[in-house]
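# Summary of structural features
Spelled out from the first residue to the last, the chains are:
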Amino acid sequence: MSAEVWMVASGKGGTGKSTTAVFCAAALAERGKQVLVIELDCGLRSVDLLAGVAEQVVFDIEDVLSGWCPPQKAICQSPFYPGVSIIAAPYSGQQLHIDTLGEVLDSLKDCYDFILLDVAAGMGQAFQGAATVSTGALLVLTADPVALRDGRLVSEWLYNNSSVVPRLVLNRISLTATTMDLDVCIDTVAAQLIAVIPESPQLQQTVLEQKTVNKQSRLWLAYSNLAGRICKEDIPLLME
Ligand SMILES: Nc1ncnc2c1ncn2[C@@H]1O[C@H](COP(=O)(O)OP(=O)(O)OP(=O)(O)O)[C@@H](O)[C@H]1O
Ligand SMILES: [Mg+2]
């Protein structure tokens, strides 16, 4: 095993990066893959809640990056999604010791098929550090003009400054959206579409009640198809 590293980015905050990182990881794990999700954010944590490990976290990614503890001590196994492991973001602090990220990932790559880096919003140090070590990028955007315009800047930055080719995940898309609506989004961002994730009225309640995602839902189908495409399966892009 030598893990593929995918960063999950957006530009604008709150577009669904962490949700996508965890559910995509869960869907990859259902395909038999071992997946590690690392939340590269400072002071804002959400991956631990989504994966059901909030009570387990003792050490975080900054403890690992700064050399305070070995990565194995910071890894939590998700009880919700077997095959998914998590390293949580720190609760506080301004900056991560991002320079050591490559070294840390090299020490973990043999244990996983995929490592997903859930980077903070914007194009700060976590984003730029992740871009130097990633093989792929999911650009998670909602269909609003601000998110799309920011997404284009992120996409251009990646094209100009890294070898990572961003793939567009359109999130929170309503049932009534047309193909033309999606085309406008794709044209604005200028990145190839890899998934259309529907708006889920149940999602917040699911996280609040600390339950696993409903595997019969359209949301899950969309993430399952995204995982299949990441695994290079030929899955047509439909409104899922
Ligand atoms: N497909 C969806 N349907 C409904 N709600 C969603 C969907 N995706 C995300 N959300 C909600 O949007 C909010 C933001 O999601 P999330 O935390 O994953 O975004 P983020 O991009 O990681 O945010 P941040 O930039 O703060 O890290 C959450 O309340 C989440 O439940
Ligand atoms: Mg997040």
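Scroll up a little and you will see the structure.
Reading guide: rules and limits
- Residues numbered from 1 in each chain as written.
- Chains lettered and ligands numbered in written order.
- Predicted model: local features only at pLDDT ≥ 70, side-chain atom pairs only at ≥ 80, totals over all residues.
- Heavy atoms only, no water.
- Helix = DSSP H or I, 4+ residues; strand = E, 2+ residues; numbered from the N terminus.
- Rg over C-alpha atoms; globule rule 2.2 N^0.38 Å.
- Buried < 20%, exposed > 50% of the residue type's maximum accessible area, 1.4 Å probe, protein only.
- Contact = heavy atoms within 4.5 Å.
- Areas by Shrake-Rupley, 256 points an atom, 1.4 Å probe, with all protein chains shown as cover.
- Lys, Arg positive; Asp, Glu negative; His and termini not counted.
- Charge placed at Lys NZ, Arg CZ, Asp CG, Glu CD.
- Near = heavy atom within 4 Å.
- Polar contact = N/O pair within 3.5 Å; in protein donor to acceptor, adjacent residues only side chain to side chain.
- 1 Å grid on protein atoms, 1.4 Å probe; cavity = no way out; pocket = protein on both sides within 12 Å on 5 of 7 lines; lining within 4 Å.
- Sits in = over half its atoms within 2 Å of the grid points.
- Salt bridge = Lys/Arg side-chain N within 4 Å of Asp/Glu carboxyl O.
- Points joined across faces, edges and corners; volume = space filled by probe spheres on them.
- Nonpolar A, V, L, I, M, F, W, Y, C, P; charged D, E, K, R; others polar.
- Axes fitted to C-alpha atoms, helices over the stretch in contact; angles between N-to-C directions.
- Parallel < 35°, antiparallel > 145°, perpendicular 65-115°, else oblique.

### Some words on the overall build of the chain
Assigned secondary structure in the chain consists of ten helices and eight strands. In summary, the chain has a C-alpha radius of gyration of 16 Å against a globular reference of 18 Å for 240 residues, a match within 12%. Principal-axis analysis of the C-alpha atoms gives the chain an extent of 50 × 40 × 35 Å. Expressed as a percentage of its 240 residues, the buried residues of the chain come to 55%. Summarising the internal contacts of the chain: among those between residues at least 6 apart in sequence, 78% fall at separations of at least 24. Summing over all exposed atoms, the chain offers an accessible surface of approximately 10,800 Å²; the carbon and sulfur share of this is 53%. Here the chain holds 16 positive side-chain charges and 26 negative ones, and the gap between their average locations is 4 Å.

### A look at the site of ligand 1
If you check the shell around ligand 1, you find 16 residues, and the closest are Gly14, Lys17, Ser18, Thr19 and Ser200. Within the contact set of ligand 1, an oxygen atom lies 3.1 Å away from a backbone nitrogen or oxygen of Thr15. Within the backbone of Pro198, an N or O atom sits 3.0 Å from a nitrogen atom of ligand 1. Isolated, ligand 1 exposes 630 Å² of accessible area, and the fraction of that covered by the protein chains is 81%. Counting atoms within 2 Å of the grid points, the majority share of ligand 1 lands in the largest pocket. Elements with a minimum of two residues in the shell around ligand 1: helix 1 (17-30), strand 7 (166-173) and helix 9 (203-208).

### Side note on the pattern of salt bridges
Tallying each qualifying case throughout the model produces seven salt bridges. When the shortest N-O distance is used, the salt bridge between Lys232 and Glu4 registers 3.7 Å. Pair noted here: Lys232 is in the segment after helix 10 (218-230) and Glu4 is in strand 1 (residues 4-9), with a separation of 228 residues, a long-range link. Among the salt bridges present, the one from Glu30 reaches Lys215, with a minimum N-O distance of 3.0 Å. Taken together, the residues span a long stretch of sequence, with Glu30 in helix 1 and Lys215 in the loop between helix 9 and helix 10 at a distance of 185 residues. Classification of Glu30 as exposed rests on a relative accessible area of 52%. Overall, the relative accessible area of 38% leaves Lys215 in the partly exposed class.

### Considering the side chain of Ser224
Looking at the secondary structure, you find Ser224 in helix 10. Sequence-distant contacts of Ser224, that is, excluding residues within four places in its chain, are made with Ala27 and Arg31.

### A few points about the layout of surface pockets
Roughly 610 Å³ of internal volume is contained in the largest pocket. Secondary structure elements with two or more residues in the lining of the largest pocket: helix 1, helix 2 (47-51), strand 5 (114-119), strand 7, strand 8 (192-198), helix 9 and helix 10. A breakdown of the residues in the lining of the largest pocket according to their chemical character gives twelve nonpolar, ten polar and seven charged.

### Details of the packing of helix 7 (residues 145-161) against helix 8 (residues 179-189)
Relative to each other, helix 7 and helix 8 sit at 40 degrees, their axes nearing to 8 Å. The angle between the axes of helix 7 and helix 8 places the two elements in the oblique class. Residue-level contacts link Leu148, Arg149, Gly151, Arg152 and Ser155 of helix 7 to Cys185, Asp187, Thr188 and Val189 of helix 8. Looking at the contact of helix 7 with helix 8 residue by residue, the class counts come to three nonpolar, three polar and three charged.

Such coordinate-based values are descriptive only and should not be taken to indicate function.
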